[in-house]
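# Structural description and commentary
What follows is the residue order along each chain.
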Amino acid sequence: MSVNLGGGVENPGLIKEQIVNEQLVLIAFQETPGSEVAKVVPQGWDTHCIGQMCLASAYKLKFLKSQSRRILGGWGQLGLLYELHIRKRKIYVMNLHLETPRKGFEDFQLSKLNFEAIFKNTEQRYIESSIISSWVEKKAPLIILGDFNMPVESSIYRENFGHYKNAFNEAGFGFGFTKHIRMLSVRIDHILTDENFSVLKAKIGNDVGSDHSPILATVVLNEVL
């Protein structure tokens, strides 16, 4: 599961219930401090956080590296890369949180129709996506999950992530909206895998009190099918 909780867990029971009912073994959190993650993950799980990005797993995590957004003049973490060992197989997992296009439009309005604000925001989002894409280019088997802040139709998404399997595209039903703002709903949170996995099921989780809905997927290594 991947979920952006927007700074905190409003009702821990809502997430705990989904962990049990969906038999979850891996959760990527964005905009969620470790103190909040500790309220919901089962006892015995391995959890690692940097800032407000966390990965929680029923399996032992090996943290490999992270990238701060400071190199691009922003704040927070861009991505965290991990290694897991499941059934004697090494699996790479990337938890990411890419820049939102909303920032560009906000700066555009504050700058009195300064189109450069939108161009800079688009450039930053492209650079961030390129960094993540280059990180995981030779990592396999691979799962990427998180708040991409872009739909699958985005040209940035297609160029950097379009060659991966999108779990909801593969096995979901309906539109799969994960972000809801006023009259707009869109799927900007994703779970991706490389060709080493088959996607058995994907769905949008129940409301957890955030403006993001959690996204869930069941994936399996092809060799153990």
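None of these values were measured; they are calculated from a predicted model. (Residues numbered from 1 in each chain as written. Predicted model: local features only at pLDDT ≥ 70, side-chain atom pairs only at ≥ 80, totals over all residues. Heavy atoms only, no water.)

Right, let's talk about the pattern of salt bridges for a bit. Tallied over the entire structure, the rule returns 6 salt bridges. Of the charged contacts, one joins aspartate 46 and lysine 60 as a salt bridge, the two residues approaching to 3.8 Å between their closest N and O atoms. With aspartate 46 in strand β3 (residues 46-50) and lysine 60 in the loop between β4 (53-57) and β5 (61-68), the pair connects residues that are 14 residues apart, well separated along the chain. Put simply, arginine 69 and glutamate 128 hold a salt bridge, and the shortest N to O gap is 2.6 Å. Here glutamate 128 lies in helix α4 (residues 115-136) and arginine 69 lies in the loop between β5 and β6 (77-86), a separation of 59 residues in the sequence. When its relative accessible area of 7% is taken as the criterion, arginine 69 is described as buried. The buried category is assigned to glutamate 128, whose relative accessible area is 0%. (Salt bridge = Lys/Arg side-chain N within 4 Å of Asp/Glu carboxyl O. Helix = DSSP H or I, 4+ residues; strand = E, 2+ residues; numbered from the N terminus. Buried < 20%, exposed > 50% of the residue type's maximum accessible area, 1.4 Å probe, protein only.)

Moving on to the environment of leucine 145. Counting through the fold element by element, leucine 145 comes out in strand β8 (residues 142-147). In the structure, leucine 145 is positioned 70 residues away from isoleucine 215 in sequence and 9.2 Å away in space, judged by C-alpha atoms. Those residues in contact with leucine 145 that lie beyond four places of it in its chain are Met1, Ser2, Ala28, Val93, Met94, Asn95, Leu96, His190 and Ile191. (Contact = heavy atoms within 4.5 Å.)

What follows is about the state of the cysteines. Per the stated rule, a full pass over the model turns up 1 disulfide. In this model cysteine 49 forms its disulfide with cysteine 54; the gap between the sulfur atoms is 2.1 Å. Sign of the S-S torsion, about 115 degrees for the bond between cysteine 49 and cysteine 54, identifies this disulfide as right-handed. (Disulfide = S-S within 2.5 Å.)

Attention shifts here to the side chain of glutamate 128. Within polar-contact distance, the side chain of glutamate 128 engages the backbone nitrogen of glutamate 99 at 2.7 Å. Contacts of glutamate 128, omitting those with residues within four sequence positions, involve Arg69, Leu72, Leu78, Leu98 and Glu99. (Polar contact = N/O pair within 3.5 Å; in protein donor to acceptor, adjacent residues only side chain to side chain.)

Glancing now at the sheet that holds β6. Within the open sheet, the 6 strands sit side by side as β5-β6-β7-β8-β12-β9. Their pairing is mixed. Two strands lie at the open edges of the sheet, namely β5 and β9 (165-166), each paired on one side alone. As paired strands, β8 and strand β12 (residues 189-193) are joined by 5 bridges and run antiparallel to one another. Bridge assignment links isoleucine 143 to a residue of β12, and that residue is threonine 193. (Pairing = 2+ DSSP bridges.)

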